[in-house]
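Architecture and fold: a report
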Protein chains: 2
Amino acid sequence: MGAFDEDTAVRPVGEGRWAARIDAAWNIGDNPNGGYLVAVVLRALQSLAPHPDPVSVTTHFLRPGTGGEDAMVEGELVRTGRSVTTVRGRLHQEGSQRIEVLAAFADLDAGSPVDAALTIPAPPMPPPEECLTRSGAEQGVELPILGRLETLIHPEQVLGGQAGRAEISGWIRFADGQAPDPLAAVLCCDAFPPSLFGLLGVIGWVPTIELTVHVRRRPAPGWLLGRFTTRDVRQGRMVEDGALWDEQGALVAQSRQLGLLLTR
Amino acid sequence: MGAFDEDTAVRPVGEGRWAARIDAAWNIGDNPNGGYLVAVVLRALQSLAPHPDPVSVTTHFLRPGTGGEDAMVEGELVRTGRSVTTVRGRLHQEGSQRIEVLAAFADLDAGSPVDAALTIPAPPMPPPEECLTRSGAEQGVELPILGRLETLIHPEQVLGGQAGRAEISGWIRFADGQAPDPLAAVLCCDAFPPSLFGLLGVIGWVPTIELTVHVRRRPAPGWLLGRFTTRDVRQGRMVEDGALWDEQGALVAQSRQLGLLLTR
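Throughout what follows, the structure given in this document is the object of discussion. (Residues numbered from 1 in each chain as written. Chains lettered and ligands numbered in written order. Predicted model: local features only at pLDDT ≥ 70, side-chain atom pairs only at ≥ 80, totals over all residues. Heavy atoms only, no water.)

Side note on the overall build of chain A
- When its secondary structure is counted, chain A shows 4 helices and 15 strands.
- Compactness check: chain A gives a C-alpha radius of gyration of 18 Å against a globular reference of 18 Å for 264 residues, within 12% of the reference.
- C-alpha extents for chain A along the principal axes are approximately 50 × 50 × 40 Å.
- For chain A, the residues scored as buried account for 62% of the 264 residues in total.
- Restricting to contacts in chain A with at least 6 residues of sequence separation, those with at least 24 account for 68%.
- For chain A, the exposed surface amounts to about 9500 Å²; the carbon and sulfur share of it is 50%.
- Seen as two clouds, the 23 positive and the 32 negative side-chain charges of chain A have centres 7 Å apart. (Helix = DSSP H or I, 4+ residues; strand = E, 2+ residues; numbered from the N terminus. Rg over C-alpha atoms; globule rule 2.2 N^0.38 Å. Buried < 20%, exposed > 50% of the residue type's maximum accessible area, 1.4 Å probe, protein only. Contact = heavy atoms within 4.5 Å. Areas by Shrake-Rupley, 256 points an atom, 1.4 Å probe, with all protein chains shown as cover. Lys, Arg positive; Asp, Glu negative; His and termini not counted. Charge placed at Lys NZ, Arg CZ, Asp CG, Glu CD.)

Have a look at this one:
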């Protein structure tokens, strides 16, 4: 059992209630990474669903979480059908709700293969040994999370504004060697620096209002390649699109988030 | 007051409960359009939020709705903050839940304009008079909804498989001349034929598992231009991306849905 499994473990404490502990090892600056909080909730919701894999996960981030503190997860079944189960869940700490999750579970390997084998090919990317460790400079923060998630950035996107466009890409994997699974895919869609860093330079904290991840495939072991772009910013609200591929180049997840650019 | 406002009207019947009537005028085949059901729920949730506009709306479609029948909407505030209010809601008919909605409201005109004026330009599109009325042929169904929503399709995308790619685009507006608003933008992200029609030809009903719409701007009066594409199909589950622009070419909404291709 790897650190990700341990740190997202939940313990049933009643009908639709689970106790968890939010480990500060996943912090970005002073607060835990949002995707990590989502993974804790999904761990609980997974036990409600007869289908194994989260295929659509929408999270609203209400308040930052607190690392090193206990948490309470609540969740309930909305509907279960032949091929899809819908669930919702919430994570509370110290009496206040931090996130709200609405998700569909299915079996990633089941379904009706149709005659439209469309996919999104992985973008060109230098190999991991030519990429550079994420520094936190883009947000001016310490990154304890790098002890859990090894995160390498494209060598031409490491400096603020260097890319000249709102794009960030690189490689990511668990530092302890645990192989990625569908929950890890959800986590890793929220673990790269904001793509606007490539256009604007240091931009501080970009709170996510809402993040939706579609997991498309069980990833192969090894690195995940992530690519995130922003094409649409208005009134300080940005829509960032992302995707993950596994080491074999197969599409693992797509993501989109609505984020808030704070006034500098 | 236009037909859209009338047909989405809700009447409070208690704390967090509203009565509504689902009009069969919005049917696609035998069931009401999903976006119309979402608009009914948003109409109720809007009254819970101090912020006026839905900026992120995620809907899970659990069961088809029933046109010509009463409905009960339930909703509650999740959190209200300075710039964003989060709400959730459900629509029931005849005792069974049809959809589940999780949404964030904000003020589309408020926010902190930042120095990244990124947007997605409208694609080239023949004027409405050169486009053709949607026929329903792509799904083999009658379309009562066309009496409410005038829907014109790109002349080169009218026949199944004609486009040679998974794309559908065209113009849409209320048939009674009501100007589009943010709720109409949510509706219109779910009112075009499936984009896979352009690649596969007649494909029948493509049930939506989950749809997320980000409304980006209050639309100008007149037509909305819609463009929908699918780049990612696997195991019968497709991810379709969409966007709407107003008559002035300004981006009004982005959408993404997870849909199910039924075996033929």
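Here we look at the interface of chain B and chain A
- On the chain A side, the residues contacting the 62 residues of chain B number 62 residues.
- In total, about 5500 Å² of surface goes out of reach between chain B and chain A, with carbon and sulfur atoms giving 50% of it.
- On inspection of chain B and its partner chain A, the count reaches 6 salt bridges.
- Of the charged contacts, one joins A:Glu100 and B:Arg88 as a salt bridge, the two residues approaching to 2.6 Å between their closest N and O atoms.
- Applying the counting rule to chain B against chain A returns 36 residue pairs in polar contact (both at pLDDT 80 or more). (Buried area = accessible area lost by both parts, 1.4 Å probe. Salt bridge = Lys/Arg side-chain N within 4 Å of Asp/Glu carboxyl O. Polar contact = N/O pair within 3.5 Å; in protein donor to acceptor, adjacent residues only side chain to side chain.)

Points about the side chain of A:Thr229
- You can see A:Thr229 is positioned in strand E13 (residues 224-234).
- If near-sequence neighbours (up to four positions away) are discounted, A:Thr229 is found in contact with A:Ala166, A:Glu167, A:Ser195, A:Val239, A:Glu240 and A:Asp241.

Some remarks on the state of the cysteines
All names here are of chain B.
- If you walk through the whole model with that rule in mind, you get 0 disulfides over all chains.
- Cys131 forms no disulfide, and the closest cysteine sulfur to it belongs to Cys188, at a distance of 15 Å.
- Residue Cys131 is classed as buried on the basis of its relative accessible area, which comes to 8%.
- Of the cysteine sulfurs around Cys188, a residue in no disulfide, the closest is that of Cys189, at 7.6 Å. (Disulfide = S-S within 2.5 Å.)

A word on the pattern of salt bridges
Residues and elements named next belong to chain A.
- Summed over the entire model, instances satisfying the criterion amount to 36 salt bridges over all chains.
- In this structure, the salt-bridge partner of Asp7 is Arg148, at a minimum N-O distance of 2.8 Å. Taken together, the residues Asp7 in helix H1 (residues 3-7) and Arg148 in the loop between strand E9 (132-133) and strand E10 (149-153) connect sequence positions 141 residues apart.

Considering the environment of A:Ala9
All names here are of chain A.
- Relative to the elements of secondary structure, Ala9 occurs in the loop between H1 and strand E1 (10-14).
- For the pair Ala9 and Met72, spaced 63 residues apart in the sequence, the C-alpha separation amounts to 12 Å.
- Once residues lying within four places of it in the same chain are set aside, the contact partners of Ala9 are Ala19 and Ala20.

Section: the packing of aromatic side chains
Residues and elements named next belong to chain A.
- Taken as a whole, this structure holds 10 aromatic pairs over all chains when the rule is applied.
- Centre to centre, the rings of Trp26 and Phe174 are 6.5 Å apart; their planes meet at 85°, and the pair counts as edge-to-face. Within this pair, whereas Trp26 is found in the loop between strand E2 (17-22) and strand E3 (27-28), its partner Phe174 is found in strand E11 (residues 167-174), the two being separated by 148 residues in sequence. The two residues Trp26 and Phe174 agree in class, both being buried.
- The rings of Phe4, Trp26, Tyr36 and Phe174 are connected pair by pair, giving a single aromatic cluster. (Phe/Tyr/Trp six-rings, centres within 6.5 Å; stacked < 30°, edge-to-face > 60°.)

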